[in-house]
Amino acid sequence: PPTLEAAAAGLPEDIPVYPGAHDMTGMADKMLMFSVDAPLDTVQSYYLQAMQSSQYELLLQTETMQWQKEKLMVSINLQTIDTGTQVVIVWFAIP
């Protein structure tokens, strides 16, 4: 299941993985990348709601959404691919 792989990548618990995520890869405690079988606007709406529900503040919304919660910065980049949307989530602590 994606949640086990997301946990293995160190994705903070309050950042959701889009339902049905597949082809998941990542770098420990830094980045998670996966594909979803949904259009970009649907995935973007999901993350706008989910991140605000988790008390993240939206700092910037272009091709990449940038969020902050306390000392954690998160960027979520969405890109249209043949089968749907590729999602790249990067997170890091700020001093």
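Refer to the structure presented above.
### Focus on the environment of V43
Okay, step 1: You can see V43 is positioned in helix 2 (residues 40-53).
Okay, step 2: Exposure remark for V43: the relative accessible area of 0% places this residue in the buried category.
Okay, step 3: Spatially, the C-alpha atom of V43 lies 16 Å from that of W67, the residues being 24 residues apart in sequence.
Okay, step 4: What V43 contacts, discounting residues up to four positions off in sequence, is Y18, V36, A38, L78, T85 and V87.

### Topic: the packing of aromatic side chains
Okay, step 1: Inspection of every chain in the model, using the stated rule, returns two aromatic pairs.
Okay, step 2: When the ring of Y18 is compared with that of Y46, the centres are 4.8 Å apart and the planes differ by 75°; the resulting orientation is edge-to-face. In this pair, Y18 sits in the loop between helix 1 (2-8) and strand 1 (22-27) while Y46 sits in helix 2, placing the two residues 28 residues apart along the sequence.
Okay, step 3: An aromatic cluster is present here, built from Y18, Y46 and Y47 joined pairwise through their rings.

### Some points on unusual backbone geometry
Okay, step 1: Its identity is not glycine, yet Q55 carries a phi of approximately 70°, on the positive side.
Okay, step 2: The residue Q55 is located in the loop between helix 2 and strand 3 (57-61) in this model.
Okay, step 3: At E70, a position not held by glycine, the phi torsion is positive, near 50°.
Okay, step 4: Within the element layout of this structure, E70 appears in the loop between strand 4 (64-69) and strand 5 (72-81).
Okay, step 5: On the basis of relative accessibility, which here comes to 70%, the residue E70 falls in the exposed class.

About the criteria used
The residue numbering used here restarts from 1 in each chain and proceeds along that chain's sequence as written. With pLDDT at 70 or above as the cut-off, local features in this predicted model cover only qualifying residues; side-chain atom pairs require 80 or more to be listed or tallied, and sums for whole chains, interfaces and linings still use all residues. The side-chain figures draw on all heavy atoms in the structure; neither hydrogens nor water molecules are used. Going along the chain from the N terminus, every DSSP run of H or I of four or more residues is numbered as a helix, and every run of E of two or more is numbered as a strand. Think of it in three bands: with a 1.4 Å probe and only protein chains considered, a residue is buried below 20% of the maximum accessible area for its type, exposed above 50%, and partly exposed in between. Any two residues having at least one pair of non-hydrogen atoms within 4.5 Å are treated as being in contact. Centres within 6.5 Å are what make two rings of Phe, Tyr or Trp a pair, Trp counting through its six-membered ring; a difference in plane orientation under 30 degrees is then read as stacked, over 60 as edge-to-face, and the rest as tilted.

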